[in-house]
Structure formats: structure tokens, C-alpha cells
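# Coordinate inspection notes
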Amino acid sequence: MKALELKDKTPDQLKEQLLSLKKEAFNLRFQQATGQLESTARMRSVRRDVARVKTILNQKAAEAAASN
């Protein structure tokens, strides 16, 4: 997932994406705890995607606050 892709989305779409990423991270943590996780690199990429989405949401919120 690229930051440019995220900038084109609305805040509601970003919040939905954030929720799905957090659910995926939760499931990956459980898979790791039970020894079923096949790709540990996926945990890192999901965590970074969550950070990207949060960053874009904060940027959009700052832009909205600055324009008012």
C-alpha cells in the first residue's frame, strides 16, 4: 500500500481500512501465539500500513483545521 493511494481516499474510507488492518493484525498475533503464522513479515507490513493510514488521517484532519 502506497501513501499516494491513501491520499486519494476519503476519511471514512481510511477509517474502514484502518479497522480492517487492525483486525488483520489481531488475527496475525493470534496465529503467531498458536504457532500457525507462516509469514512473519506480514505482521511488519500490516503494522506499517496502520501507521500510514493514521498518518494520512492526521494530515487530512490538520488540513481541515487549517482551512477553517
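Residues numbered from 1 in each chain as written. Predicted model: local features only at pLDDT ≥ 70, side-chain atom pairs only at ≥ 80, totals over all residues. Heavy atoms only, no water.

Defined as follows: UniProt positions are given in the numbering used here, feature names are shortened, and annotations may be inferred rather than shown by experiment.
Under an unreviewed UniProt entry, the protein chain has the name Large ribosomal subunit protein uL29 and belongs to Paracoccus aestuariivivens. The record in UniProt for the protein chain states the following under Sequence similarities (unreviewed entry): "Belongs to the universal ribosomal protein uL29 family."

### Brief notes about the nonpolar core
Most often, soluble globular proteins have nonpolar side chains that are buried together. The cut-off we apply is this: Nine residue types can take part in a nonpolar core, namely buried Ala, Val, Leu, Ile, Met, Phe, Trp, Tyr and Cys, and a core is a set of them joined through side-chain atoms within 4.5 Å. For every residue, the accessible area obtained with a 1.4 Å probe (protein chains only) is divided by the maximum for its type, and the residue is called buried under 20%, exposed over 50%, and partly exposed between those limits. Each helix is a run of H or I in the DSSP string that is no shorter than four residues. Each strand is a run of E no shorter than two, and both are numbered from the N terminus. Contacts: residue pairs with any heavy atoms within 4.5 Å of one another.
Counting residues in hydrophobic clusters, the biggest one holds 12 residues: L6, L14, L18, L21, L28, L37, M43, V46, V50, V53, I56 and L57. Among the elements of the structure, α2 (11–34) and α3 (40–67) are those that each provide at least two residues to this core. In terms of residues, this core owes the most to one element, α3, which gives six residues. When near neighbours in sequence (up to four residues on either side) are disregarded, V46 contacts L21, E24, A25 and L28.

### Some thoughts on the packing of α2 against α3
Our working rule: Axis definition: a line fit to C-alpha positions, over the contact stretch in the case of helices; interaxial angles, taken between N-to-C directions, run 0 to 180 degrees. Each angle gets one of four labels, with under 35 degrees taken as roughly parallel, over 145 as roughly antiparallel, 65 to 115 as roughly perpendicular, and the rest as oblique. Crossings are sorted by hand: turned counterclockwise from the far helix by less than a right angle, the near helix makes the crossing left-handed, and turned clockwise it makes it right-handed.
One can describe the packing of α2 onto α3 by two numbers: an axis separation of 9 Å at closest approach and a directional angle of 155°. Considering their axes alone, α2 and α3 lie roughly antiparallel with respect to each other. Relative to α3, α2 is oriented so that their crossing is left-handed. Mapping the contact onto sequence places P11, L14, K15, Q17, L18, L21, K22, E24, A25, L28, R29 and Q32 in α2 and R42, M43, V46, D49, V50, V53, K54, I56, L57 and K60 in α3.

### Points about α2
Quick reminder: α-helices carry 3.6 residues per turn. Residues three or four places apart thus point the same way. Counted only if it meets this: In this analysis, the expected span of each helix is defined as 1.5 Å times one less than the number of residues it contains.
Relative to the 34 Å expected for 24 residues at 1.5 Å per residue, α2 spans 35 Å between its end C-alpha atoms, a close match to the ideal helical length. Looking at α2, one finds that the buried residues are L14, Q17, L18, L21 and L28. Elements that come into contact with the buried residues of α2 comprise α1 (3–7) and α3. Positive phi shows up at G35, right after α2, with a value of about 80°.

### Structural notes on the side chain of Q17
Relative to the helices and strands, Q17 resides in helix α2. The class of Q17 is buried, set by a relative accessible area of 18%. Once residues lying within four places of it in the same chain are set aside, the contact partners of Q17 are M1, L6, K9 and V53.

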